Amino acid sequence: MATAISKLVESEYILKADEGTDNPATFTLRPLTGLQRIAVRQAIGEGNEEKIHRLCLVYGLAGWKNLKDADGHAVAWAPGNMDRNLDCLAENDIYELARAVFSSSFLTEAERKN
């Protein structure tokens, strides 16, 4: 039986390295839609890591709060300018955020049974 994805709700995510710290950067993530997952899976099939991570974040990164640069200055989210936003993130953070987006984009076993 076809099941509509009801799980496309934004959630907040804190990087593992920042868990338990005061005022960590908080990222707003949204799960991928079915068509977006297909695009990511195609990039996976191509073996194109940059494309995989970029697609996950272009589709799934919806904002952040309390992100600071190396000097402690606030880095504002730039709506409509994803290239600039992605340029603000370290490589390890890009990997972790992309994995978080991708893994949050699937129905659980219980959701599949409903």
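Right above here is the structure, for reference.
Residues numbered from 1 in each chain as written. Predicted model: local features only at pLDDT ≥ 70, side-chain atom pairs only at ≥ 80, totals over all residues. Heavy atoms only, no water.

Caption draft 1: Structural detail: the overall build of the protein. Along the protein, the regular secondary structure elements total five helices and three strands. Taken across its 114 residues, the protein has 33% of its residues classed as buried. Residue pairs at least 24 apart in sequence account for 61% of intrachain contacts in the protein once pairs closer than 6 positions are excluded. For the protein, the exposed surface amounts to about 7200 Å²; the carbon and sulfur share of it is 52%. (Helix = DSSP H or I, 4+ residues; strand = E, 2+ residues; numbered from the N terminus. Buried < 20%, exposed > 50% of the residue type's maximum accessible area, 1.4 Å probe, protein only. Contact = heavy atoms within 4.5 Å. Areas by Shrake-Rupley, 256 points an atom, 1.4 Å probe, with all protein chains shown as cover.)

Caption draft 2: Representation of helix α1 (residues 34-46). For α1, spanning 13 residues, the distance from its first C-alpha to its last is 19 Å, which sits close to the expected 18 Å at 1.5 Å a residue. If you check which residues of α1 are buried, you get Q36, R37, V40 and A43. Relative to the axis of α1, the buried residues are bounded by an arc of 120 degrees and lie together on one face. Seen from the open side of α1, the exposed residues pointing more than 90 degrees away from its buried face are L35, I38, Q42 and G45. Backbone geometry just after α1 places G47 at a positive phi near 75 degrees. (Expected span 1.5 Å × (residues − 1). Arc of directions from axis to C-beta.)

Caption draft 3: Spotlight on the sheet that holds strand β1 (residues 11-13). Taking strand neighbours across the sheet as the criterion, the three strands line up as β1-β2-β3 in an open arrangement whose pairing is antiparallel. The two strands at the open ends of the sheet, each matched to only one other strand, are β1 and β3 (61-65). For this sheet, the mean inter-axis angle between neighbouring strands, taken without regard to orientation, is 30 degrees. Each of β2 (26-29) and β3 is contacted by helix α2 (residues 49-60), which is oriented at about 75 degrees to β3, the strand it contacts most. Across the face of the sheet, helix α4 (residues 91-103) comes into contact with β1 and β2 while running at roughly 35 degrees to β2. (Pairing = 2+ DSSP bridges. Axes fitted to C-alpha atoms, helices over the stretch in contact; angles between N-to-C directions.)

Caption draft 4: Focus on α4. Across its 13 residues, α4 extends 18 Å between first and last C-alpha, which sits within 8% of the 18 Å expected from 1.5 Å per residue. Inspection of α4 places I94, E96, L97, A98, A100 and V101 among the buried residues, and these make up the whole buried set. Buried residues along α4 sit against β1, β2, α2 and α3 (82-87).

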